[in-house]
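Structural overview
Spelled out, the chains give:
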Amino acid sequence: MYWKYVLRRLLQSVLTFVVIIFIYSALFNTVMETTLRSQINEQIQGEMMQFATSGLTAEELKQHFENRKERLYEQYHLNDSLPSRIFWRAIDTLTLNFGKASTIKSSSGSSDVMEIITEKIPNTLLLFLTASVIDVIIGIALGLKKAQKPNGRMDRWTSIITMIVYGLPTWWLGMVFIMFFSYVIPIFPSGGIHSIPPPEGGLAYFLDTLYHLALPVLVLVIVGFWGRAYLIRNIVLGTLQEDFIMSARARGLSERRVLFGHTLRTAAPPIVTMALTSMLLSISGGLIYEGIFSWPGMGNLYWIAVQQNDIPVLMGNLALTTALYLMGLVILDLIYGFLDPRIKVGGKA
Amino acid sequence: MKTALVKKTSTGTNGKRAKGLFTSFWNEFKRYKYGMVGVVLLLMFILVVILEPLILPFPEAGSRWRDITYWQDNPDNAAPAWTNWFTAKDKTPQQTLKPVNLVEQNEPGLSFVDGEIPYNYQYDDPPTDIAFRAMVQGDVSFIVSLVRPDGTELPLFDTHTASSVPSDFRVSLNSATIDNVFEFVRGYEDPSVTAVYNRRTMNVMNVLFAKAQPGMLYNPEPMKGQYTFKVTSVTIGAGEITDARMEVAGKVFGIMGTDSAKRDIWSGLVCGTKWALLIGITTSLVSVVIGVTYGVVSSFFGGIVDTVMMRIHEVVYNMPLLPIIIVMSAVFKPNLWTMIILMCLFFWTGSVRTVRSMGLQIKEETYIEAARALNASNSRIIFKHMLPQLIPYSFASMALAVPGAILYESTISLLGLGDATIVTWGQILQDASNGSAVLQGLWWWVVPPGILMGLMGMTFAFIGFAMDTILNPKLRTR
């Protein structure tokens, strides 16, 4: 039964991805084709240079390259009708054929968009997963503490802080922290993922990365965990109103047993979903944050691609971010289904 | 006639009921202290917007934010003026000096005006520059000298300008007086010193406001006292000089200092307030109205309509919000309004699910059945009977959506994709990030815009969370 659920969920999300890519393709068709055309023209210009000494007459050369341009346009379906062009652009994206970047190069010097983006993905995951794990652990601990004495002094104060940081831009706090902890009191590096040049040796390299990871993770956690704690408190409080809690209390179980034994088991699926959802949202919303710390991840790549107006990289990055995001949502649902016994047996959640 | 009358009475009672509901809601809301703090803060922000013309030191700051000539008399990267309270050495603040004792002499074809511009200098750190400014029409020469507290008179510059229409005339003392000031220094400094510290490395302001003694070039000791700029203008033929003044560009400036382009940050912050409110409130209002209506309609019709609508919702909901907005902004280069539309396109999904589940419950109520039995139209049931039930929820989610909209706008501005015709807090931060304000520790440029953004987010969070707590009684106790 669970496998049926897994399969259905996977299929559904693949379908959603395809639809979203088609929407992107329709939205950005004009700009994608302009870039493609100019890249083809550039390629032909380059070939012309090589042919210049081949002894053909100017007329023949021109004819040859006109034909070649036509063929390339044909190959990329650039002469088709609009719906067909949108279709082929979407197919290109779905087959991960993002083409060549205009200016950006990967660390090995290649301008293949796929390579440029894939080398950034681990860095993004490293930063945001580390922050999220710390964040969720503190959040759950604080949330339970808050739920134990709702409207107590601690609950109230931490809730107020939740609201204070609610509209705070994380990247701004990053800027302020860099200013104070990298320049005024220089105890942390101001950015990057490791020193230049990176230290030799496994352990030194690892420690160096950790040192560079510290400040960005610190800022993410400082802003992040309050909101999670607040949500966890609300979920737990919601569960505490259920009848079976009343019956557990009536049986004379200790409050600790009630909270950790009965409430937490029931509240686990929504807590896990909530924690993972907010993690996903923080990644998608915090991408730009990487730019502040010059962290070489996908968010920083958006920043660079926007500044250099590199459309192929921008499009490829968007498609891959969407794919990762959807993957995250699937994993989330699978964990939920695993934790919630009603889904395992095929009932309705 | 009769129907009109009936309709009137019915809206009358409805209005009264709504008023009663609002009063009871308000009474409950007042019990939440943080909610009230939010309301007070919101009123303060609104007050700032209303009083903008009064508290803006530069009236055209909003419209000429990117016009460098508008800001040229200010110092660059100057700290706020109040930082002087915390430092032992007083830095010169920005000041506009007006002429006094104007004496006019007229001869055939010529007119002379002698004037004095007094400057009481009581600081330890001299200004970054002083600019002589006037509106000049005609053929005019200016001769300017400085009488220092020790009695020496130092010629500064003489210059000539001709213009048939009134035009801005500006002389920066830093560049116009180098030769004269260097001559003056040479009377005191040893030749070996003047050989090392030449014209180009000399700081004119340091010398002008230093005690005349050896060492004034490399270790100037400030001379406090009454300085007087003597200005003589000679006009050939007809002409007019108005608004003559000296603009002292200090080392500290105004309430919030200046940025690297000499702009007054306080003015930028004040101008940004209205845009933040506009962007936040418009976006959240439109997207919540769309979302709530969408959810109710979906739940009301059910069946295939519901399925299709929820599939569409799911597709939009599954798009990563910030990346898609960034890419769309990069491709379409939006202005303020298109950016609001862009955000609404994706923000509406937030409230749909909750509203739909609430709608499914409301749909089963007996009064909906009664309305149906009375042959009420679908739209009447939706808009008259279902949507009003969701108004409290809508207000809460509207308040909570405002900070998000402001945050997204500022993030897009940070990437340099904001509307260049206005000034927002995000754009100030973008300039700060490009102007290496972080590296130089220009905290007055980096910190205040973020604090304001956080404060505004907090305002709406306080209001929204208070409403949320009232609407969900479960959250109050265990």
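Sequence order as written defines residue numbering, which begins from 1 separately in each chain. Lettering for chains starts from A, numbering for ligands starts from 1, and both go in the order in which the items are written. The predicted nature of this model means local features are confined to residues of pLDDT at least 70 and side-chain atom pairs, given and counted, to a pLDDT of 80 or more, with totals for whole chains, interfaces and linings taken over all residues. The side-chain values count all of the structure's non-hydrogen atoms but skip hydrogen atoms and water molecules.

1. Thoughts on empty space enclosed by the protein
Definition in use: In the cavity and pocket records, a cavity denotes points on a 1 Å grid over the protein atoms alone where a 1.4 Å probe fits but cannot get out, a pocket denotes an open set with protein on both sides within 12 Å along at least 5 of 7 lines, and lining residues are residues with an atom within 4 Å of a point. Grid points are joined across faces, edges and corners, and a volume is the space filled by probe spheres set on the points. Numbering of helices and strands runs from the N terminus, with a helix taken as a DSSP run of H or I at least four residues long and a strand as a DSSP run of E at least two residues long. The nonpolar class holds Ala, Val, Leu, Ile, Met, Phe, Trp, Tyr, Cys and Pro. Asp, Glu, Lys and Arg form the charged class, and all remaining residues, Gly among them, are polar. A domain assignment, automatic or from a database, supplies the domain bounds used here.
Tallied over the entire structure, the rule returns three cavities of 30 Å³ or more. Considered as a void within the structure, the largest cavity measures approximately 70 Å³ in volume. Around the largest cavity sit Gly272(B), Trp275(B), Ala276(B), Ile279(B), Ile406(B), Glu409(B), Ser410(B), Thr424(B), Trp425(B), Gly426(B) and Met453(B), which together line it. Of all the secondary-structure elements, those providing two or more residues to the lining of the largest cavity are helix 8 (265–301), helix 15 (391–414) and helix 16 (425–434) of chain B. Here the element with the most residues in the lining of the largest cavity is helix 8 of chain B; it accounts for four residues. In the lining of the largest cavity, the residues fall into six nonpolar, four polar and one charged. In this structure, the second largest cavity encloses a volume near 50 Å³. Considering the residues around the second largest cavity, the lining is formed by Ile21(A), Tyr24(A), Ser25(A), Met32(A), Thr93(A), Met315(A), Leu318(A) and Ala319(A). When residues of the lining of the second largest cavity are traced back to their parent elements, those giving at least two are helix 1 (2–27) and helix 14 (311–339) of chain A. Of the residues contributing to the lining of the second largest cavity, the split by class is six nonpolar, two polar and no charged. Counting contributing residues, the lining of the second largest cavity receives three or more from each of domain 1 (2–94) and domain 2 (113–345) of chain A.

2. Considering the interface of chain A and chain B
Note the threshold: Only heavy atoms enter the contact rule, under which two residues are in contact if any of them lie within 4.5 Å. The quantity reported as buried area is the accessible area (1.4 Å probe) lost by two parts once they are put together, taken as the sum for both. Think of a salt bridge as a Lys or Arg side-chain nitrogen and an Asp or Glu carboxyl oxygen that are within 4 Å of each other.
On the side of chain B, 52 residues touch chain A, which itself brings 55 residues to the contact. The junction of chain A with chain B conceals about 4800 Å² of combined surface from both sides, 75% of it contributed by carbon and sulfur atoms. Taken as a group, Met163(A), Tyr166(A) and Trp171(A) account for 14% of the area that chain A buries against chain B, more than any other trio of residues on that side. Where chain A packs against chain B, one counts zero salt bridges.

3. Things to note about the pattern of salt bridges
As a reminder of what qualifies: Each residue gets one of three labels from its accessible area relative to the maximum for its type: buried under 20%, exposed over 50%, partly exposed in between, using a 1.4 Å probe on protein chains only.
Taken as a whole, this structure holds 26 salt bridges over all chains when the rule is applied. A salt bridge links Glu221(B) to Lys211(B); its shortest N-O distance comes to 3.1 Å. On the criterion of sequence distance, the pair formed by Glu221(B) in the loop between helix 7 (204–208) and strand 6 (225–249) and Lys211(B) in the loop between helix 7 and strand 6 is long-range, its members being 10 residues apart. Owing to a relative accessible area of 37%, Glu221(B) belongs among the partly exposed residues under this scheme. According to the relative accessible area criterion, Lys211(B) is partly exposed, its value standing at 33%. Through salt bridges with shared partners, a single ionic network connects Glu33(A), Arg85(A), Arg89(A) and Asp92(A).

4. A look at helix 13 (residues 298–307) of chain A
Burial within helix 13 of chain A is extensive, with eight of its 10 residues counted as buried. Turning to helix 13 of chain A, its buried residues number three or more, namely Met298(A), Gly299(A), Asn300(A), Leu301(A), Tyr302(A), Trp303(A), Ala305(A) and Val306(A).

5. What to know about the packing of aromatic side chains
Given two aromatic rings, their pairing is described by the distance between the two centres and the angle made by the two planes. Stated formally: Here is the rule: rings of Phe, Tyr and Trp (six-membered ring for Trp) pair when centre to centre is within 6.5 Å. Planes less than 30 degrees apart are stacked, more than 60 are edge-to-face, and the remainder are tilted. Two thresholds decide whether a charge sits over a ring: the Lys NZ or Arg CZ must be within 6 Å of the ring centre and within 35 degrees of the ring normal.
Per the stated rule, a full pass over the model turns up 35 aromatic pairs over all chains. With a centroid separation of 4.9 Å and an interplanar angle of 50 degrees, the aromatic rings of Tyr230(A) and Phe465(B) are classed as tilted. Taken together, the residues Tyr230(A) in helix 9 (residues 202–240) and Phe465(B) in helix 18 (residues 443–471) connect one chain to another. For Tyr230(A), a relative accessible area of 8% translates into the label buried. Residues Phe300(B) and Phe301(B) carry aromatic rings whose centres are separated by 5.1 Å and whose planes lie at 85 degrees to one another, so their mutual orientation is edge-to-face. Using a relative accessible area of 5% as the deciding quantity, one classes Phe300(B) as buried. Linked through ring pairs, Phe58(B), Trp65(B), Tyr70(B), Trp71(B) and Phe253(B) together constitute an aromatic cluster. Directly above the aromatic system of Tyr73(A) lies the positively charged group of Arg37(A), at a separation of 5.5 Å from the ring centroid. The aromatic ring of Tyr317(B) is capped on one face by Arg353(B), whose charged end is 4.8 Å from the ring centroid.

6. Section: the domain arrangement of chain A
Residue and element names in this part refer to chain A. Definition in use: Pairs of N or O atoms within 3.5 Å make up the polar contacts considered here, provided that, within protein, one atom can donate a hydrogen while the other can accept it, and that residues adjacent in sequence are counted only when both atoms are side-chain atoms.
Domain assignment breaks chain A into domain 1 (2–94) and domain 2 (113–345). The interface is formed by 16 residues belonging to domain 1 together with 17 residues belonging to domain 2. Regarding the contact of domain 1 and domain 2, the summed buried area is about 1500 Å², with carbon and sulfur atoms giving 78% of it. Its largest share of buried area at the contact with domain 2, domain 1 owes to Tyr2, Tyr5 and Arg9, together 40% of the area lost on that side. Counting across the interface, domain 1 meets domain 2 through one salt bridge. As a salt-bridge pair, Arg9 and Asp333 come within 2.4 Å of each other at their nearest N and O atoms. Our count for the domain 1 to domain 2 interface comes out at three residue pairs in polar contact (both at pLDDT 80 or more). Ranked by residues supplied to the side of domain 1 that touches domain 2, first place goes to helix 1 with 10 residues. By residue class, the composition of the side of domain 1 that touches domain 2 is 11 nonpolar, four polar and one charged.

7. Observations concerning the domain arrangement of chain B
Annotation of chain B at the domain level lists domain 1 (24–55 + 266–476) and domain 2 (89–252). Computed over C-alpha atoms, the centres of domain 1 of chain B and domain 2 of chain B are 54 Å apart.

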